[in-house]
Amino acid sequence: MHLSDFQIFLLLTILKIVVVLVIMLTSVAYTVLLERKVIGLIQNRWGPSRVGPFGLLQPLVDGIKLFLKEDLMPMAVERPLFVIAPVIALSCALVSISVVPFGNVFTYRGVSLFEISDINIGLLVILGITSIGVYGIALSGWSSNNKYSLLGSLRASAQLISYELALGLSLVGVVLRAGSLRLRDIVDSQSAHGALSWNIFGGPARVHGAGGTTWAIVGGFQILGFFIYLMAAYAETNRAPFDLPEAESELVAGYHTEYSSMKFAMFFMAEYANMITVSCVATLLFFGGASSPLGHLLPDNFGGTFLSAIFPILWFVFKVFCFLFLYIWVRSTLPRFRYDQLMSFGWKFLLPAAMLNIVLTSLVLAFHG
Amino acid sequence: MVPIYYYLVLAAILFCIGIGSFLIKRNIITVFMSIELMLNAVNLTFVAFAHAHDNVHGQIFVFFVMVVAAAEAAVGLAIIIAIFRTRQTLDVDSMNLMKN
Amino acid sequence: MQLALFIIFAVLCVVFALNFLFQRHPINSALSLIVVMMSLAVIYWTLGAEFLAAAQVIVYSGAVMVLFTFVIMLLNAGEEERTRGSKIAYIVGIPGVIAVFALLAYTFVHEHSTLGMAHLGGHLNNGVSNLEEVSRILFTDMLLPFEVTSILILVAILGAVVLARKEH
């Protein structure tokens, strides 16, 4: 059977989407397990350990439990919105992974295998989808017809809008350096000299140029931008220490108080999928994406075609894992902010700091090239 | 290949729905939203004409319209909140203090 | 393919705009408007305006409409009541709207040959991206208007804060 290029493109794209979705959902499930295990160890207890070896089958059992629970529909809810809110939350969390490049360019008949799509406004797409995700939370709180839900969702909307500014501005330095919004270009701009040329670091490296080998300063020195991004991203994903919208000591469970069964599970999955997406973006923008921290110490085609295609993906997964671990570590260590502290932190500290970062980066780029 | 006038007719439809809801709706927030709908329809004509003339200036204009719309929404919603605080209603017909 | 995209998203636009018109509850209207704006973003993209497509999603659906839903939730706006004042709007408004639409549609259909065809991506597809083109013009020819809009936004922020603040 002979397939035309368009059919190949269509088939491979659908295949990529399915594979990425399956991996994403599995890693969401296992991030939950990782979180429970790590927090357990930090708090000097075991964490889940009964189901399967080391509790490895726990996510499966959790999923079955959530499926089999009765799907309660409270009397006074706004029915269509109540149902659609978790769907919005989950789908927005899952869609933004579609522009993330997981590995190096590896094409089969013109289709790049290690990313779903390569768009020249990739970064803006991620920001846009993140900003749509607010509706899931806002609508769930409003349609539940419950004061705790409403308070939680009002808090969440205000928090997300406020921190979106700092988040967006913290990325400008990276974009200025790469000169592009395509995520592939941003990764390429920091893959020349290993860890030194990553946007977060910087330092002297030997550059092979037209005039022979010289020493030059490489890297982005975006450490300020990175920390602003990290804090804003924690607030965007409603994670500790910024988990005000679901502060259980004040608001029962915040915006998903009235939800049960699969609808609750969708919010839960959306939160963890958002964590993964944010970690992917941090990896791509500040930590060189799929590029190896060793630079060219190893030869480029180390281990043949197959291994050299797999290694970048392993690096990528490893970096994302480190971010997820950091998330969990922070959650189990830091106490929750108060709401006015949260707002003044976002507006009075993060936003000016992000602006300062932009000014400094653009000055350096203007004078240094 | 799609004729440009398809886009323009779509914009005209959206614009007229915007006018219609501006006239019919009684809730001040919805009235305000229909203005946004009309602005969006006009933006679509700008983009379509920019495409027809192979010129990006139309898109720049849309960019400015968006900025102004955002500013307008912020001020407008602040006014709506202020009105609600004093009158306890969002109905445009009951805001008639200047009438009698 | 462009025709298919156009038809899908144009139909979405019109259906949800009509839904916007006929819904009684402001939050349903706001949600329909969001769908209209998202479909318009796709239509911008088919016309070769990627930057505007992204800006449409981020600014309109992500910021302006969030503000609207936020205010609707905050004021707990219920369904609107039908009042007498709208009678004149029905009598004069609806024929007026139909007349405006007829005029616009007639002009556009009449001039269709001079307007030409749209093709996916537009002329900016070869080498120069839409983003570069837009930003070059924005920061060279249009620099003064651009800076003036930033002052406009600053004034709008101040105005919004002053208006919405509680009087002490």
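What you see is a predicted model; the values in this text were computed from it and never measured.

**Brief notes about the overall build of chain B**
Inference 1: Of regular secondary structure, chain B possesses three helices and one strand.
Inference 2: Compactness check: chain B gives a C-alpha radius of gyration of 17 Å against a globular reference of 13 Å for 100 residues, more than 25% above the reference.
Inference 3: Looking at the 100 residues of chain B, the share that counts as buried comes to 57%.
Inference 4: Within chain B, contacts between residues at least 6 apart in sequence are counted, and of these 50% link residues at least 24 apart.

**Examining the overall build of chain A**
Inference 1: Within chain A, the secondary structure is distributed over twelve helices and four strands.
Inference 2: Taken over the C-alpha trace, chain A has a radius of gyration of 22 Å; the compact-globule value for 369 residues is 21 Å, and the two agree within 12%.
Inference 3: Oriented by its inertia axes, the alpha-carbon framework of chain A measures out at about 75 × 60 × 45 Å.
Inference 4: Put simply, chain A has 369 residues, and 43% of those count as buried.

**Brief notes about the environment of A:Gly141**
All names here are of chain A.
Inference 1: As for its placement among the helices and strands, glycine 141 is situated in helix H5 (residues 134-143).
Inference 2: Through-space distance from the C-alpha of glycine 141 to that of threonine 107 is 45 Å; in sequence the pair is 34 residues apart.
Inference 3: In this structure glycine 141 touches Ser149, Leu150, Gly152, Ser153, Leu154 and Tyr255, once residues within four positions along its chain are discounted.

**Quick look at the arrangement of the chains**
Inference 1: A comparison of contact numbers over the two pairs of chains in contact places chains B and C at the top.
Inference 2: In this view chain A stays clear of chain B, with the nearest C-alpha atoms of the two still 13 Å from each other.

**Focus on the interface of chain C and chain B**
Inference 1: Facing the 72 residues of chain C at the interface are 59 residues of chain B.
Inference 2: Put simply, the parts of the chain that give the side of chain C that touches chain B at least two residues each are helix H1 (2-22), helix H2 (26-46), helix H3 (50-75), helix H4 (87-110), helix H5 (112-115), strand E1 (117-118), helix H6 (130-139) and helix H7 (143-164) of chain C.
Inference 3: Looking at the side of chain C that touches chain B element by element, the count peaks at eleven residues for H3(C).
Inference 4: Looking at the side of chain C that touches chain B residue by residue, the classes come out as 55 nonpolar, 14 polar and three charged.
Inference 5: Pairing analysis gives two bridges linking strand E1 (residues 2-3) of chain B to E1(C), with the strands arranged antiparallel. Each residue of the ladder has a partner; that of B:Val2, found in E1(C), is C:Ala118.

**Let's talk about the nonpolar core**
Inference 1: Ranked by size, the top nonpolar core spans 178 residues in total, and within it A:Ala89, A:Ala232, B:Tyr7, B:Ala11, B:Val47, B:Ala48 and C:Tyr44 carry the most contacts.
Inference 2: Examining the composition of this core, we find that 19 residues originate from one element, H3(C), more than from any other.
Inference 3: Per-domain counts for this core show at least three residues from each of domain 1 (2-126) and domain 2 (127-168) of chain C.
Inference 4: Residue contacts for C:Tyr44: discarding those within four places in its chain leaves B:Val47, C:Ala49, C:Leu52, C:Ala53 and C:Gln56.

**Observations concerning helix H3 (residues 57-87) of chain B**
Inference 1: Look at H3(B): 44 Å from first C-alpha to last across 31 residues, which is about the 45 Å you get at 1.5 Å a residue.
Inference 2: In the segment just after H3(B), B:Gln88 is the residue with positive phi, at about 60°.

**Re the packing of helix H3 (residues 79-95) of chain A against helix H10 (residues 261-286) of chain A**
Residue and element names in this part refer to chain A.
Inference 1: Where H3 contacts H10, the two axes come as close as 8 Å, and the packing angle between them is 25°. Compared by their axis directions, H3 and H10 come out roughly parallel. In the crossing of H3 with H10, the sense of the turn from one axis to the other is left-handed. Touching Pro86, Val87, Ala89, Leu90, Ala93 and Leu94 of H3 are Lys263, Met266, Phe267, Met269, Ala270, Ala273, Asn274 and Thr277, all from H10.
Inference 2: Class assignment for the residues of the contact of H3 with H10 results in eleven nonpolar, two polar and one charged.

**Digging into the interface of chain A and chain C**
Inference 1: Facing the 16 residues of chain A at the interface are 16 residues of chain C.
Inference 2: When residues of the side of chain A that touches chain C are traced back to their parent elements, those giving at least two are helix H4 (122-132), H5 and helix H6 (147-178) of chain A.
Inference 3: It is H4(A) that provides the largest number of residues to the side of chain A that touches chain C, a total of six residues.
Inference 4: Each residue belonging to the side of chain A that touches chain C can be placed in one class, and the counts come to twelve nonpolar, four polar and no charged.

**Describing the packing of H10(A) against helix H11 (residues 304-333) of chain A**
Residues and elements named next belong to chain A.
Inference 1: Two elements in contact, H10 and H11, have axes separated by 9 Å at closest approach and are oriented at 120°. Relative to H11, the element H10 lies oblique. Taken as a pair, H10 and H11 cross one another with a handedness that is right-handed. Packed against H10, whose contacting residues are Met275, Ile276, Ser279, Cys280, Ala282 and Thr283, the element H11 presents Phe316, Lys319, Val320, Phe323, Leu324 and Tyr327 at the interface.

**Re unusual backbone geometry**
Residue and element names in this part refer to chain A.
Inference 1: Positive phi, normally seen in glycine, also occurs at asparagine 145, with a value near 60°.
Inference 2: Looking at the element boundaries, asparagine 145 is found in the loop between H5 and H6.
Inference 3: Using a count of 15 C-beta atoms within 10 Å as the deciding quantity, one classes asparagine 145 as partly exposed.
Inference 4: Unusually for a residue other than glycine, asparagine 238 sits at a positive phi of about 55°.
Inference 5: Locating asparagine 238 in the fold gives a position in the loop between helix H8 (223-236) and helix H9 (248-251).
Inference 6: According to the C-beta neighbour criterion, asparagine 238 is buried, with 24 such atoms within 10 Å.

**A short note on the environment of A:Ile88**
Residues and elements named next belong to chain A.
Inference 1: Here isoleucine 88 shows up in helix H3.
Inference 2: Taking the C-alpha atoms as reference points, isoleucine 88 and phenylalanine 267, 179 residues apart in sequence, are found 9.5 Å from one another.
Inference 3: Isoleucine 88 has contacts with Tyr135 and Gly136, leaving out every residue within four places of it along the chain.

**Considerations on the confidence of the model for chain A**
Low-pLDDT portions of the prediction should not be read for the details of their coordinates.
Inference 1: Per-residue confidence for chain A averages 82 on the pLDDT scale, and 93% of its residues sit at or above 70.
Inference 2: Taken element by element, the predicted model of chain A shows its lowest mean pLDDT in strand E3 (residues 202-209) of chain A (69) and its highest in H8(A) (88).

Cut-offs and rules
- Residues numbered from 1 in each chain as written.
- Chains lettered and ligands numbered in written order.
- Predicted model: local features only at pLDDT ≥ 70, side-chain atom pairs only at ≥ 80, totals over all residues.
- Helix = DSSP H or I, 4+ residues; strand = E, 2+ residues; numbered from the N terminus.
- Rg over C-alpha atoms; globule rule 2.2 N^0.38 Å.
- Buried ≥ 20, exposed ≤ 12 C-beta atoms within 10 Å, placed from the backbone.
- Contact = placed C-beta atoms within 7 Å.
- Nonpolar A, V, L, I, M, F, W, Y, C, P; charged D, E, K, R; others polar.
- Pairing = 2+ DSSP bridges.
- Core = buried A, V, L, I, M, F, W, Y, C linked by C-beta atoms within 7 Å.
- Domains from an automatic or database assignment.
- Expected span 1.5 Å × (residues − 1).
- Axes fitted to C-alpha atoms, helices over the stretch in contact; angles between N-to-C directions.
- Parallel < 35°, antiparallel > 145°, perpendicular 65-115°, else oblique.
- Left-handed = near helix turned anticlockwise from the far one by under 90°.
- pLDDT = per-residue confidence, 0-100.

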